[in-house]
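# Structural overview for review
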Amino acid sequence: MDLPLENLFTWLDIGGLSVFAASGALTAARKRLDFIAAWFFALITAVGGGTLRDVMIDAPVFWMHDPAPVILCGVIAALAWAVPLRWWPERALEWLDAAGLAAYSVYGAGKALEWGVSPVPAVAAGVITACIGGVIRDVTAGVPSVLLRNELYITTSLAAAAMFVALTTLGLPLPLPSAIAFASGFVLRCAAIRWRLALPPHRGH
């Protein structure tokens, strides 16, 4: 959480961390778990993908060197857990996840570029940052992984990360690459949720 404000990375980091933490805490609340479990779900959802990213790009694991992400997850978990479930929109978890997916796709790719990773692996780093936390959340909660739904998910993360890397490589001035890529990824994921957009599945033969 130490990247320059002018290219939106700090805000994408905080935003992605917050909405993924909220989605984790909401998952725990729906399972009727206690607050400590809600905090745990918030933490693993928010930092899971970034942890793997930092290990892969040989960067210090961000939340091990800065207490802010852990504290933020605790605050978000407390707020999300305290809100009665009937107050949450029916598809709140999906919308929160969509925002986190778009934000972390861009942030993860951007951090990889800053650490000297070439463009194609940087795109992959963005996808890993965005997707792994949700997988850990779903597996821990014992529910079908979000990746197994027959609608665009990884594709939206890939599109956002690739767009950010492409626009940055082309020299588009900051903060336009971050803003355009985030907005595109979020809109595409929301459209996939709303209209069940999906790529053709494997035919099995």
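Source: prediction; values computed, not measured.

### Some details on the packing of helix α2 (residues 35-56) against helix α5 (residues 119-141)
- Packing of α2 against α5 brings their axes to within 7 Å, and their N-to-C directions diverge by 145°. Here α2 runs over α5; the crossing is right-handed. Contacts between α2 and α5 involve Phe40, Phe41, Ile44, Thr45, Gly48, Gly49, Gly50, Leu52, Arg53 and Met56 from the first element and Ala125, Ile128, Thr129, Ile132, Gly133, Gly134, Ile136, Arg137, Thr140 and Ala141 from the second.

### Some words on the confidence of the model for the chain
- When pLDDT is averaged across the chain, the result is 92; 96% of the residues are at 70 or more.
- Highest mean pLDDT in the chain belongs to helix α6 (residues 154-169) (97); lowest belongs to helix α1 (residues 9-30) (92).
- A low-confidence stretch, residues 1-6 (pLDDT under 50), is modelled with 18 contacts involving residues beyond four sequence positions or located in other chains.

### Looking at the UniProt feature "transmembrane region" (unreviewed entry) in the chain
- When the UniProt feature table is mapped onto this chain numbering, "transmembrane region" (unreviewed entry) sits at residues 12-29, 36-56, 68-88, 119-140 and 152-172.
- For residues 12-29, the end-to-end C-alpha separation is 25 Å, with 100% helix and 0% strand making up the annotated structure.
- Taken end to end, residues 36-56 is 100% helix and 0% strand, and its first and last C-alpha atoms sit 29 Å apart.

### Brief notes about the UniProt feature "domain: Glycine transporter" (unreviewed entry) in the chain
- Residues annotated by UniProt as "domain: Glycine transporter" (unreviewed entry) correspond here to residues 11-82 and 95-167.
- Here residues 11-82 runs as 79% helix and 0% strand, with 25 Å between its end C-alpha atoms.
- The straight-line gap between the two end C-alpha atoms of residues 95-167 is 26 Å; of that span, 78% is helix and 0% is strand.

### Structural notes on the packing of aromatic side chains
- Taken as a whole and assessed by the stated rule, the structure comprises seven aromatic pairs.
- Centroid distance Phe20 to Tyr104: 5.8 Å. Interplanar angle 55°. Geometry classified as tilted. Taken as a pair, Phe20 in helix α1 and Tyr104 in helix α4 (residues 92-114) lie far apart in primary sequence, 84 residues in all. Each member of the pair Phe20 and Tyr104 is classed as buried.

### Describing the side chain of Thr129
- By secondary structure assignment, the location of Thr129 is in helix α5.
- The exposure class of Thr129 is buried, given its relative accessible area of 1%.
- At 2.7 Å, the side chain of Thr129 and the backbone oxygen of Ala125 are in polar contact.
- Excluding anything up to four places from it in sequence, Thr129 contacts Gly49, Gly50, Arg53, Tyr104 and Gly108.

Rules used in this analysis
- Residues numbered from 1 in each chain as written.
- Predicted model: local features only at pLDDT ≥ 70, side-chain atom pairs only at ≥ 80, totals over all residues.
- Heavy atoms only, no water.
- Axes fitted to C-alpha atoms, helices over the stretch in contact; angles between N-to-C directions.
- Helix = DSSP H or I, 4+ residues; strand = E, 2+ residues; numbered from the N terminus.
- Left-handed = near helix turned anticlockwise from the far one by under 90°.
- Contact = heavy atoms within 4.5 Å.
- pLDDT = per-residue confidence, 0-100.
- UniProt positions renumbered as here; feature names shortened; annotations may be inferred.
- Phe/Tyr/Trp six-rings, centres within 6.5 Å; stacked < 30°, edge-to-face > 60°.
- Buried < 20%, exposed > 50% of the residue type's maximum accessible area, 1.4 Å probe, protein only.
- Polar contact = N/O pair within 3.5 Å; in protein donor to acceptor, adjacent residues only side chain to side chain.

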